[in-house]
Amino acid sequence: MTTSIERARRFRSLHTADRPLVLPNAWDTASARIIAQAGADAIATTSAGVAWALGAADGDRLDRAAALEHLGRVVAAVDVPVTADIEGGYAQNADGVAETVRAVLAAGAVGINIEDGRRPAEEHLRRIGTARATADAEGVPLFVNARTDVFLAGIGPEEGRLEEALKRAAACVAAGADGIFVPGVTDADTVAALARGIDASLNVMTGPGAPSAAEFARLGVARISAGSSIAQAAHALVRDAARELLTEGTCSTVANGYDYGELNALLGARVRPCP
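A brief structural summary. Keep in mind that this is a model prediction, so the values were computed, not measured.

Comments concerning the pairing of strand S4 (residues 111–115)
Along S4, 5 of the 5 residues are buried, which leaves the element largely enclosed by surrounding structure. Side chains Gly111, Asn113 and Glu115 of S4 all project onto a buried face; the interleaved residues Ile112 and Ile114 project onto the opposite face, where all are buried too. Alignment of strand S3 (residues 82–85) against S4, held across 3 bridges, turns out to be parallel. For Thr83, the partnering residue across the bridge sits in S4 and is Gly111.

Shown next, in the form of structure tokens:
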């Protein structure tokens, strides 16, 4: 088992525009192991998926202690680096973000996402700066991925969103961010402009109808995330299967389910202890 510093360095090295880091986001130990077995170089959690798995709604409603205990189990379930989506920091203010980051590192994760949403820019920057300073003080080169929701939340006039996203990105990089996550945009021209204008690794969110990983690479993207989409699809399968069984009395929806023995063996394999 490698150290957190070694895993952090490995995770950082995976962010390259010629071969983007592709992250099919996980939400629990089973999804993390399945994604790792599929060949993922790293595991990223989805905050929405984690919240749903723990019986909470997404959007800064999840208890920090529960979220970080859950993160520790995900880290312990795989042998690749793990980055945690911590929403706005699971904290009321920047000081609370420091506590969250120390707990993230204690759980063994080597990256974080911090989102701005509709939080004031100054507060978001304080949170980014606090995360950076806290990780540095702990001696771990934590990858701080700053998310801006300009496009995802439709903030401001449409014609000014690219400029606003670039402005926010520059401020986040200056505050200590290693990467910038701009979900909600897949248009080739806009993505290329973001890649050119951001002096850090660009992360975008993929989904149905989005460019392929190879196409995103040509546009300069260094990291591609699925977000909560895989968790949503999994839960939709539960809904559809339940409806079919309850209304039709049949089970055709689950015909392509994971083989019981294969899944049981995957989850029954050795789990390494958290660092």
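Brief notes about the sheet that holds S3
Spatial ordering of the open sheet is given by S1-S8-S7-S6-S5-S4-S3-S2, a layout of 8 strands whose pairing is parallel. Bordering the open sheet on either side are strand S1 (21–23) and strand S2 (43–44), each of which pairs with just one other strand.

Here's the deal with the nonpolar core
Core analysis: the biggest nonpolar cluster contains 62 residues, and Ile43, Leu71, Val101, Ile112, Ile180 and Leu202 have the highest contact counts within it. Top contributing element to this core by residue count: helix H4 (residues 64–77), with 6 residues. Setting aside its immediate chain neighbours within four residues, Val101 contacts Ile112, Ala131, Thr134, Ala135 and Leu142.

What to know about the pairing of strand S7 (residues 201–205)
Burial analysis of S7 places 4 of its 5 residues in the buried class, which makes it a mostly covered element. Here 3 bridges tie strand S6 (residues 179–181) to S7, and the two strands are oriented parallel to one another. Opposite Ile180, over in S7, you have Leu202 as the bridge partner. In this region the chain leaves S6, passes through helix H8 (residues 188–197) and returns to the parallel neighbour S7; the handedness of that crossover is right-handed. For S7 and strand S8 (residues 223–225), the ladder comprises 3 bridges, and the chain directions are parallel. Across the sheet, the residue bridging to Asn203 is Arg223, located in S8.

A few points about the pattern of salt bridges
Under the criterion given, the structure shown has 14 salt bridges. Between Arg73 and Glu69 there is a salt bridge, with the nearest N and O atoms lying 3.3 Å from each other. With Arg73 and Glu69 both in helix H4 and 4 residues apart, this pair spans about one turn of that helix. Under the relative-accessibility criterion, Arg73 is labelled partly exposed at 40%. The partner of Asp136 in a salt bridge is Arg132, and the shortest N-O contact between them spans 3.3 Å. You can see Asp136 and its partner Arg132 sitting in helix H6 (residues 121–138), 4 residues apart, about one turn around the helix. Under the relative-accessibility criterion, Arg132 is labelled buried at 12%. Overlapping salt bridges, with partners in common, bring together Arg12, Arg132, Asp136 and Asp178 in one network.

Quick look at unusual backbone geometry
For Glu87, which is not a glycine, the phi torsion comes out positive at approximately 50°. Tracing the chain through its elements places Glu87 in the loop between S3 and helix H5 (94–107). A relative accessible area of 0% means that Glu87 is categorised as buried.

Structural notes on the packing of aromatic side chains
For any pair of aromatic rings, geometry is given as the distance between the ring centres together with the angle between the planes. Inspection of the entire model under this criterion finds 1 aromatic pair. Centre to centre, the rings of Phe11 and Phe143 are 5.8 Å apart; their planes meet at 85°, and the pair counts as edge-to-face. Here Phe11 is found in helix H1 (residues 4–13), whereas its partner Phe143 is found in strand S5 (residues 143–147), with 132 residues between them in sequence. A residue is classified by how much of its surface remains accessible, and Phe11, at 0% relative accessible area, is buried.

Description of H1
Among the residues of H1, Ser4, Arg7, Ala8 and Phe11 are the ones counted as buried. Taken around the axis of H1, the buried residues stretch over an arc of 100°, which confines them to a single face. Those residues of H1 that are buried are in contact with S1, S3, H5, S4, S5 and S8.

Description of the packing of helix H2 (residues 29–37) against helix H11 (residues 260–268)
Running from N to C, H2 and H11 cross one another at 100°; their axes reach a closest spacing of 10 Å. Relative to H11, H2 is oriented roughly perpendicular. From H2, Thr29, Ala30, Arg33, Ile34 and Gln37 reach across to H11, where they touch Glu262, Leu263, Leu266 and Leu267.

Points about the environment of Val82
Position of Val82 among the secondary structure elements: in strand S3. Spatially, the C-alpha atom of Val82 lies 5.0 Å from that of Ala109, the residues being 27 residues apart in sequence. Those residues within four positions of Val82 in sequence are excluded, and the remaining contacts are Ile43, Leu71, Val74, Val75, Ala109, Val110 and Gly111.

Cut-offs used in this document
- Residues numbered from 1 in each chain as written.
- Predicted model: local features only at pLDDT ≥ 70, side-chain atom pairs only at ≥ 80, totals over all residues.
- Heavy atoms only, no water.
- Buried < 20%, exposed > 50% of the residue type's maximum accessible area, 1.4 Å probe, protein only.
- Helix = DSSP H or I, 4+ residues; strand = E, 2+ residues; numbered from the N terminus.
- Pairing = 2+ DSSP bridges.
- Core = buried A, V, L, I, M, F, W, Y, C linked by side-chain atoms within 4.5 Å.
- Contact = heavy atoms within 4.5 Å.
- Right-handed = clockwise from strand over helix to strand, strands pointing away.
- Salt bridge = Lys/Arg side-chain N within 4 Å of Asp/Glu carboxyl O.
- Phe/Tyr/Trp six-rings, centres within 6.5 Å; stacked < 30°, edge-to-face > 60°.
- Arc of directions from axis to C-beta.
- Axes fitted to C-alpha atoms, helices over the stretch in contact; angles between N-to-C directions.
- Parallel < 35°, antiparallel > 145°, perpendicular 65-115°, else oblique.

Function cannot be inferred from these measures alone, as they are strictly geometric.
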